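Descriptive analysis of the structure
One letter stands for each residue in the lines below.
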Amino acid sequence: MATNKDFLDYIAEQFNGEGLTFRPMMGEYLVYYRGKLVGDVCDNRLLIKPVESAKKLMPDAEYQLPYEGAKPMILVDNIDDGEFLRELFEKMYAELPEPKPKKKVQK
């Protein structure tokens, strides 16, 4: 089941801040905050990387697989609280790796 565009729009609306972007990937979406990958939106679920700051903010969170064969990610079930989402992504930001530079296409 692919993610419903309305679900994606709802997350963006709740976040209501600068820096949140989505990139389509095989019917689902990658979630970026200020250019760094924070997680995925898969099957109408917001899943984030299990970095320490996310674990501390959501100690009882459930872990789920975004797709078969993937590593477990943290399910964010509190998507209705935009303030929480902004705090979560802001705290995660320092722990996330810098994006890999894009390879230049040789002519």
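Below is a summary of the structure that appears in this document. (Residues numbered from 1 in each chain as written. Predicted model: local features only at pLDDT ≥ 70, side-chain atom pairs only at ≥ 80, totals over all residues. Heavy atoms only, no water.)

**What about the packing of aromatic side chains?**
If you walk through the whole model with that rule in mind, you get four aromatic pairs. Here Tyr33 and Phe89 contribute two aromatic rings whose centre-to-centre distance is 6.1 Å and whose plane-to-plane angle is 40°, an arrangement assigned as tilted. Of this pair, Tyr33 sits in strand S2 (residues 28-33) while Phe89 sits in helix H3 (residues 82-93), and the two are 56 residues apart along the sequence. Ring centres of Tyr33 and Tyr93 lie 6.0 Å apart, and the angle between their planes is 90°; this geometry places the pair in the edge-to-face category. A residue pair is termed long-range when its members are at least 10 positions apart, and Tyr33 in strand S2 and Tyr93 in helix H3 qualify at 60 residues. Tyr33 gets classed as buried once you look at its relative accessible area, which sits at 6%. In this structure an aromatic cluster arises from ring pairing among Phe15, Tyr33, Phe89 and Tyr93. Of note, Arg34 hangs over the ring of Tyr93, and the distance from its end group to the ring centre comes to 3.8 Å. The positively charged end of Lys36 is found above the aromatic ring belonging to Tyr93, 4.1 Å away from the centroid. (Phe/Tyr/Trp six-rings, centres within 6.5 Å; stacked < 30°, edge-to-face > 60°. Helix = DSSP H or I, 4+ residues; strand = E, 2+ residues; numbered from the N terminus. Buried < 20%, exposed > 50% of the residue type's maximum accessible area, 1.4 Å probe, protein only. Lys NZ or Arg CZ within 6 Å of the ring centre and 35° of its normal.)

**Some remarks on unusual backbone geometry**
Backbone geometry places Met26, a non-glycine residue, at a positive phi of 50°. One can find Met26 in the loop between strand S1 (20-25) and S2. Judged by its relative accessible area of 79%, Met26 falls in the exposed class. The phi angle at Asn44 is positive, at roughly 60°, despite the residue not being glycine. For Asn44, the location among the structural elements is in the loop between strand S3 (36-42) and strand S4 (45-48). Note on Asn44: relative accessible area 26%, which makes it partly exposed.

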